[in-house]
Amino acid sequence: EESCDCKGDCGGHHNENNDEEDAANHEESAIFEIEGIRCNHCRSNLEEALSKIDGVKNVSVSLDDKRAIVLGDFNKQDVINCIREMGFDLKDSLSE
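What comes next is a walk through the structure. (Residues numbered from 1 in each chain as written. Predicted model: local features only at pLDDT ≥ 70, side-chain atom pairs only at ≥ 80, totals over all residues. Heavy atoms only, no water.)

Focus on the pairing of strand β3 (residues 67–72)
- Across the two faces of β3 the burial differs, with A68, V70 and G72 buried and R67, I69 and L71 not buried at all.
- Both strand β1 (residues 28–35) and β3 contribute to a ladder of six bridges, which runs antiparallel. Its bridge partner being in β3, E28 is matched across the sheet by G72. (Buried < 20%, exposed > 50% of the residue type's maximum accessible area, 1.4 Å probe, protein only. Helix = DSSP H or I, 4+ residues; strand = E, 2+ residues; numbered from the N terminus. Pairing = 2+ DSSP bridges.)

What follows is the structure in structure tokens.
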């Protein structure tokens, strides 16, 4: 495996607003193309950090495809900021 440059934790981007009923009514998914993810350690750390973001219900990071699929009612900018703070770059993000 290549040397791992990930930072381990973006600290999460937590909002004080926690309206579960609103989240249930506005669930969505987004795909984020990630550059710089090289190993399972990076993948695992990124999944853990993204899962801490308010409104995120499920995260799947693929090392092979170099992408993250994020499900829930979340602020996309929080996801982008977290990915960058973890030491990765974004190629693109696609909403489904």
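Considerations on the environment of A49
- Its place among the elements puts A49 in helix α2 (residues 40–51).
- Residue classification places A49 among the buried residues on the basis of a relative accessible area of 2%.
- For the pair formed by A49 and C10, sequence separation is 39 residues and the distance between their alpha carbons is 6.0 Å.

Re the state of the cysteines
- All told, the structure shown has zero disulfides when counted by the stated rule.
- Of all cysteine sulfurs in the structure, the one in C42 sits closest to C39, which takes part in no disulfide; the separation is 3.6 Å.
- For C42, a relative accessible area of 1% translates into the label buried. (Disulfide = S-S within 2.5 Å.)

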